[in-house]
Amino acid sequence: PSLSHLRRLPRSLALTPYNTTPSTLLPSWTSTMVDVWESNPPGTATPFFWYIPKVTINKILTYCLGFALAADRGKWLNMDDPLGAYPLGSSPTDYPNPIQTYVNVRTDTEAGLDDCAAKGVLGANVADVFITHRVQYAMTNVFNSSYMARGFSMFRNPTKRVQDMFFYRQHATFESSFDADLAAMSLYQFSLSDKLVENFEVKSLNGITDNTVITVDHVTVAKEILRQKFLVLIFEWFDISIVRMEKYFSWWTSLGVWDNFTINSCHFEFVEYGDHVGNHPMVPTVEDTLENFLVRNWADTELYHYAKILFAEQAKLLP
């Protein structure tokens, strides 16, 4: 059956090619990322997933597609073992790959990323996909002109994302960052508190780690980075986004996704029941709380709406 409906565009968009004009606004750290419109022969650049908290696709990448990931879960492996991809956990179900595989490094800290560079993770070809939320640090200290990154990321409504993050942080007593004060807060109190990380995405793309006031100029830079350096996926369009990802990286054909019933069933399970959503309490959100989130995350909200436009535009990149 034809899948053309997955990339059908309004006529006004379909008549114009994707904008491949190099931006003069891109910061220097993006130089270790290939442009999103460049051809994608296997092995020329490592797929790099910029992880935005509470938006993950790890289970699809591991259980369904069988990839080895360099990601934060690698911290549960023995770092003293020889560098390699090791099994971590298992599933009793009939997934194509019932054991997840991770490289024995951690990517969630700067020290961990320095260790990735020192051990030569990219040159060793042990990771099919590299994942971290520290995009600028990774591009500056792990990737280089010899080992480039091909970026992709999934964007989600920022208000819903920070709410999920709040409920997760309330109950994640096993995390070293667990905050008992936050655990005692109401959602409304959290929306007013300094424990809410404002505009995480725009700050990350602009390399801002302090209390610098975010401006429209920062948002403009973030938009240009996405346009030129990232394949954009949308959380609210999860099923179509996964197909977009697989087609862009040629995994759709190289892994026989369309013809493989087991992989298709695995996809369906995680799309339907959640690779990507935390099973957190659902509570009514009062209007004042929503307004607080919108105001404080205005820049990420603007970037999210642009990402949805870019998602439609990037259909032009598919063969």
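Please read these numbers as outputs of a predicted model, since none were measured by experiment. (Residues numbered from 1 in each chain as written. Predicted model: local features only at pLDDT ≥ 70, side-chain atom pairs only at ≥ 80, totals over all residues. Heavy atoms only, no water.)

Undergrad: Please clarify how the overall build of the protein chain should be interpreted in this entry.
TA: Each helix and strand in the protein chain was counted, giving 15 helices and seven strands. Here the protein chain holds 319 residues, and the buried ones make up 50% of them. Looking at the protein chain alone, contacts between residues at least 24 apart form 77% of all its contacts between residues at least 6 apart. Summed over all atoms, the accessible surface of the protein chain reaches about 15,200 Å², with 53% contributed by carbon and sulfur. (Helix = DSSP H or I, 4+ residues; strand = E, 2+ residues; numbered from the N terminus. Buried < 20%, exposed > 50% of the residue type's maximum accessible area, 1.4 Å probe, protein only. Contact = heavy atoms within 4.5 Å. Areas by Shrake-Rupley, 256 points an atom, 1.4 Å probe, with all protein chains shown as cover.)

Undergrad: How should I be thinking about the sheet that holds strand 4 (residues 100-103) in this particular structure?
TA: Backbone hydrogen bonds hold the strands of a sheet together, and the pairing may be parallel or antiparallel. Taken together, the seven strands give an open sheet; going across it, the order is 3-4-2-5-1-6-7, and neighbouring strands pair in mixed fashion. Both edges of this open sheet fall to strand 3 (85-88) and strand 7 (230-234), since each of them pairs with a single strand only. Here the average twist between neighbouring strands, direction ignored, is 30°. The sheet contacts of helix 10 (residues 216-229) involve strand 6 (149-155) and strand 7, and relative to strand 7 the element is tilted by about 105°. In the packing of helix 11 (residues 238-248) onto the sheet, the strands contacted are strand 6 and strand 7, and the crossing angle to strand 7 comes to about 155°. (Pairing = 2+ DSSP bridges. Axes fitted to C-alpha atoms, helices over the stretch in contact; angles between N-to-C directions.)

Undergrad: What is the right way to look at the packing of aromatic side chains in this model?
TA: Any two aromatic rings considered together are summarised by their centre-to-centre distance and by the angle between their planes. Following the criterion strictly, the structure yields 17 aromatic pairs and no others. For the ring pair Phe 48 and Phe 143, a centre distance of 5.7 Å and an interplane angle of 85° mean the geometry is edge-to-face. One end of the pair, Phe 48, is in strand 1 (residues 46-50); the other, Phe 143, is in the loop between helix 5 (135-141) and strand 6, and 95 residues separate them in sequence. We note that Phe 48, like Phe 143, is buried. A centroid spacing of 6.0 Å and a plane angle of 75° characterise the contact between Trp 50 and Phe 155, whose relative ring orientation is edge-to-face. Of the two residues, Trp 50 sits in strand 1 while Phe 155 sits in strand 6, which places them 105 residues apart along the sequence. (Phe/Tyr/Trp six-rings, centres within 6.5 Å; stacked < 30°, edge-to-face > 60°.)

Undergrad: What exactly am I supposed to notice about the pattern of salt bridges here?
TA: Evaluation of the coordinates by the stated rule reveals 12 salt bridges. With its nearest N and O atoms 2.9 Å apart, the salt bridge here joins Asp 108 to Arg 106. A residue is classified by how much of its surface remains accessible, and Arg 106, at 29% relative accessible area, is partly exposed. Arg 156 is paired through a salt bridge with Asp 164; the nearest N and O atoms lie 3.1 Å apart. We note that Arg 156, like Asp 164, is buried. Connected through salt bridges with shared partners, the residues Lys 75, Arg 106 and Asp 108 form a single ionic network. (Salt bridge = Lys/Arg side-chain N within 4 Å of Asp/Glu carboxyl O.)

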